[in-house]
Amino acid sequence: MARGKFITFEGGEGAGKSTQVRRLAEHLRALGLDVVVTREPGGSPSAEAIRGLLLSGRVRALGTLGEAYLFAAARMDHIAETIEPALERGAWVICDRFADSTRVYQGAADGLDVEIVDDLERIAVGNCRPDLTIVIDLPVDVGLARVAGRSGNGTGDRFEAEAVAVHEARRQGFLGVAAANPDRCVVIDGAREADAVTSDIAALVTGRFGLAIGGRA
Ligand code: Z5A
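Residues numbered from 1 in each chain as written. Predicted model: local features only at pLDDT ≥ 70, side-chain atom pairs only at ≥ 80, totals over all residues. Heavy atoms only, no water.

As a further point, take the packing of aromatic side chains. All told, the structure shown has 3 aromatic pairs when counted by the stated rule. Aromatic side chains Trp 92 and Phe 209 sit 5.1 Å apart centroid to centroid with 80° between the ring planes, which places their arrangement in the edge-to-face category. Here Trp 92 is found in strand S3 (residues 92-96), whereas its partner Phe 209 is found in helix H8 (residues 194-209), with 117 residues between them in sequence. Across the pair, exposure class does not vary: Trp 92 and Phe 209 are buried alike. Arranged with centres 6.2 Å apart and planes meeting at 65°, the rings of Tyr 105 and Phe 174 form a pair that is edge-to-face. (Phe/Tyr/Trp six-rings, centres within 6.5 Å; stacked < 30°, edge-to-face > 60°. Helix = DSSP H or I, 4+ residues; strand = E, 2+ residues; numbered from the N terminus. Buried < 20%, exposed > 50% of the residue type's maximum accessible area, 1.4 Å probe, protein only.)

Printed below as a string of C-alpha cells:
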C-alpha cells in the first residue's frame, strides 16, 4: 500500500481553515479516497486533553516556552496515534494547523527563539512533514470580524483575545513561512467567498497530486 498524503492548513483566526478542511475532505472522498480529518492542538485523546489546557489559558503562567513544550508534546502523540497510522495505511490526512503554527504563534509573534522552535520541531515532527501546506491569508480585521460574529461577543479563546498588532505579526509570520518553503506551501487568498476559495484549493490539490477520477494519483 502506497503511503498517503499529508496536507496541512495554516493561517490566522477566522481565515476559514476549518471550513476549507471540511470541504477538501468532501472533495477527496468524492474521488474515492480514504481521508482522515484532524486538527492541532488535538487529534488524539491525550492531545485533546492538552488542547483544553492550552486554549483555556490555564497554563499561560508557564510562559511561551512552557506552552511550546505542551504543543510539541500534543503533536508527538497526535503523530504517533493518528497521523502516522493513517498515512501508513494509505489514507490522506488533512490537518487543521500543524508545526507552522508553533513557528508563527510561539516563534515569530511571541518571541520564542528560532533555534528552540527548530529543535522542538525536529524532536516532535521528525520525518512526518506535510506534503502540502495551504496558507489561507486574509486581512486581520476580516478574520477577527468573522470570529466575533461566530462567538457573538468577540472575546474568543486565549489566542483570539489578543491585540491586533499580535494578529498582524502572525499574518506576516505565516507569509514568511510560505516564502521560506515555496515547494511545500501555497498561499490562498481567503478574503473571498468561501466557494471561490474552495474551488482554488480543489484545483491546487488535484493538480499538485495528479488526481484523476477514482482518486488514483
Ligand atoms: N496554536 C498555537 O499557538 N500554536 C500551535 O502550535 C498550534 C496552535 C497548533 C487553536 O485554535 C489555537 O491554538 C489557535 C493557534 C494556537 N489560535 N487561535 N485562536 P482553534 O483551533 O480553536 O482556532 P483556529 O485554528 O484559530 O480556527 P478558527 O478561529 O476557528 O478559524 P478558522 O478555522 O480559520 O475559520 P472557520 O472556523 O472555518 O471560519 C470562521 C467563521 O468564518 C465561521 O463562522 C465561518 O462560517 C466563516 N467563514 C469561513 N470562510 C468564510 C468566507 N470565505 N467568507 C465569509 N465567512 C467565512
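This part takes up the nonpolar core. Counting 24 residues, the largest nonpolar core has Ile 7, Phe 9, Leu 28, Trp 92, Ile 134, Ile 201 and Val 205 as its most contacted members. Looking at this core, the elements with two or more residues in it are strand S1 (6-11), helix H1 (17-30), S3, strand S4 (132-137), strand S5 (185-189) and H8. It is H8 that contributes the most residues to this core, 5 residues altogether. The residues touching Leu 28, leaving out its near neighbours within four places in the chain, are Leu 33, Val 35, Trp 92, Ile 94, Val 205 and Leu 211. If you look at the next biggest cluster of nonpolar residues, it comprises 15 residues, including Ala 47, Leu 70, Ala 178 and Cys 185. (Core = buried A, V, L, I, M, F, W, Y, C linked by side-chain atoms within 4.5 Å. Contact = heavy atoms within 4.5 Å.)

Right, let's talk about helix H7 (residues 164-180) for a bit. Residues that lie three or four places apart on an α-helix share one face, since the helix turns once every 3.6 residues. Here H7 is 17 residues long and its end C-alpha atoms lie 24 Å apart, about the 24 Å a rise of 1.5 Å per residue gives. Turning to H7, its buried residues number three or more, namely His 167, Arg 170, Gly 173, Phe 174, Val 177 and Ala 178. Burial along H7 is one-sided: seen end-on, the buried residues are contained in an arc of 135°. Turned more than 90 degrees away from the buried face of H7, the exposed residues are Val 164, Ala 165, Ala 179 and Ala 180. (Expected span 1.5 Å × (residues − 1). Arc of directions from axis to C-beta.)

With that settled, the discussion passes to the packing of helix H4 (residues 99-108) against helix H5 (residues 114-125). The geometry of a pair of packed helices is captured by two quantities: the angle between their axes and the separation between those axes. Where H4 contacts H5, the two axes come as close as 10 Å, and the packing angle between them is 155°. Taken together, the axes of H4 and H5 lie roughly antiparallel to each other. Here H4 and H5 pass one another in a crossing that is right-handed. Across from Ala 99, Arg 103 and Gly 107 in H4, the residues of H5 making contact are Val 114, Val 117, Asp 118, Glu 121 and Val 125. (Axes fitted to C-alpha atoms, helices over the stretch in contact; angles between N-to-C directions. Parallel < 35°, antiparallel > 145°, perpendicular 65-115°, else oblique. Left-handed = near helix turned anticlockwise from the far one by under 90°.)

A few words now on the pattern of salt bridges. Using the criterion set out here, one finds 16 salt bridges in the structure. Residue Glu 40 is joined to Arg 75 by a salt bridge in which the shortest nitrogen-to-oxygen separation is 2.6 Å. Here Arg 75 lies in helix H3 (residues 63-88) and Glu 40 lies in the loop between strand S2 (35-39) and helix H2 (45-56), a separation of 35 residues in the sequence. In this structure, Glu 40 and Arg 75 share a single accessibility class: buried. Between Arg 192 and Asp 200 there is a salt bridge, and its shortest N-O distance comes to 3.0 Å. Linked through salt bridges whose partners overlap, the residues forming this network are Arg 103, Asp 118, Glu 121 and Arg 129. (Salt bridge = Lys/Arg side-chain N within 4 Å of Asp/Glu carboxyl O.)

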